[in-house]
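What follows is each chain in one-letter form.
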Amino acid sequence: MKCQTSTHQQLDNSSVITASSKATFQRVALNVLIIAALSIFVNLCLRIDFTLLHHGLGENSVTELAQSLMLAIASMSFFTLSRNNREIRHASVLIGGFFAVLFIRESDMWFDMVFHGAWVIPALLITALSCYYALREGRSSIHQLAEILNSRFMPTLITAVVLLLVFSRLYGMGSFWHSVMGEHYLRDVKNLSEEGIELLCYSLIAFCSVKTYFLLRKRGAQGQTVD
């Protein structure tokens, strides 16, 4: 009887969904919904530019503006994190500076109003200041950077950055598209495909940056190790 009772108890316990399991499924479901929403957002931006506004993907297009917005969100997430979690502030500034430089590069049209290539000046300035601020802490900055990279959303963020800087650049090469379409080459088709991939990467970067900010801010306030 005792053996049967113990068996029944084990079966009852195994059939109970714990609060931790529920939280995990809810967190995963929320992330899936957000990524799905970002995918729809990217698709809508492209459709607005081509089917509604009929002006393609110029510097003032919805798609280009959305790319700048996502980079601004990513950059501000890490700059704000540097203020709210001072234990990793130097590495946070370094990462925030990286995305700020990408933001400036994407917004080069506005700097070109001053003179062509003017974006290089603020980009170099931010790069120098971010690196100097991080180097002031020496090895501590390396440990801070490792702590940030160890958080759960950073692998996805890094994957999105690699896809942005490597895959999308190779994928968008004019020579590749000329070889694909031959005499039927249409630049708008190439731009549509390339900019869509870039906006999706930027959107994932922004999403992971925001999630990293809330995770590390919370862990910093609790004085716990990031996982």
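See the structure above.
What counts and how
- Residues numbered from 1 in each chain as written.
- Predicted model: local features only at pLDDT ≥ 70, side-chain atom pairs only at ≥ 80, totals over all residues.
- Heavy atoms only, no water.
- Helix = DSSP H or I, 4+ residues; strand = E, 2+ residues; numbered from the N terminus.
- Contact = heavy atoms within 4.5 Å.
- Patch = residues over 30% accessible without salt bridge, like charges linked within 9 Å, V, L, I, M, F, W, Y side chains within 5 Å.
- Areas by Shrake-Rupley, 256 points an atom, 1.4 Å probe, with all protein chains shown as cover.
- Salt bridge = Lys/Arg side-chain N within 4 Å of Asp/Glu carboxyl O.
- Core = buried A, V, L, I, M, F, W, Y, C linked by side-chain atoms within 4.5 Å.
- Buried < 20%, exposed > 50% of the residue type's maximum accessible area, 1.4 Å probe, protein only.
- Expected span 1.5 Å × (residues − 1).
- 1 Å grid on protein atoms, 1.4 Å probe; cavity = no way out; pocket = protein on both sides within 12 Å on 5 of 7 lines; lining within 4 Å.
- Points joined across faces, edges and corners; volume = space filled by probe spheres on them.
- Nonpolar A, V, L, I, M, F, W, Y, C, P; charged D, E, K, R; others polar.

Visitor: Kindly report on the environment of His 55, identifying the contributing residues and their values.
Guide: In this structure, His 55 sits in the loop between α2 (19-52) and α3 (62-84). The contact partners of His 55, leaving out residues within four places of it in the chain, are Asp 49 and Ser 61.

Visitor: Run through a nonpolar patch on the surface, naming residues and quoting values.
Guide: A cluster of nonpolar side chains, Phe 98, Leu 149, Ile 158, Val 162, Leu 165, Val 166, Leu 170, Met 173, Phe 176 and Val 180, forms an exposed patch at the surface whose accessible area comes to about 840 Å². Those elements that place two or more of their residues in the nonpolar patch are α8 (154-171) and α9 (174-181). If one sorts the elements of the nonpolar patch by residue count, α8 sits on top with five residues. In this structure, Val 162 sits in helix α8.

Visitor: Account for the nonpolar core, naming residues and giving values.
Guide: In this structure, Phe 78, Phe 99, Ile 148, Leu 157 and Ile 205 are the most contacted members of the largest nonpolar core, which totals 33 residues. Every element with two or more residues in this core is listed here: α2, α3, α4 (89-106), α8 and α10 (187-222). It is α10 that contributes the most residues to this core, 10 residues altogether. Ignoring sequence-local partners within four residues, the contact set of Leu 157 consists of Phe 78, Phe 99, Ile 205, Cys 208 and Ser 209.

Visitor: Give me α4: which residues, what numbers.
Guide: Look at α4: 26 Å from first C-alpha to last across 18 residues, which is about the 26 Å you get at 1.5 Å a residue. The buried fraction of α4 is high, at 13 of 18 residues.

Visitor: Let's hear about the layout of surface pockets: which residues, and what values?
Guide: In this structure, the largest pocket spans a volume of roughly 410 Å³. Around the largest pocket sit 16 residues that line it, and Glu 64, Arg 105, Glu 106, Glu 195 and Glu 198 are the ones nearest its centre. Of all the elements in the fold, those that place two or more residues in the lining of the largest pocket are α4, α8 and α10. For the lining of the largest pocket, the element with the highest residue contribution is α10, accounting for seven residues. Partitioning the lining of the largest pocket into residue classes produces four nonpolar, one polar and 11 charged.

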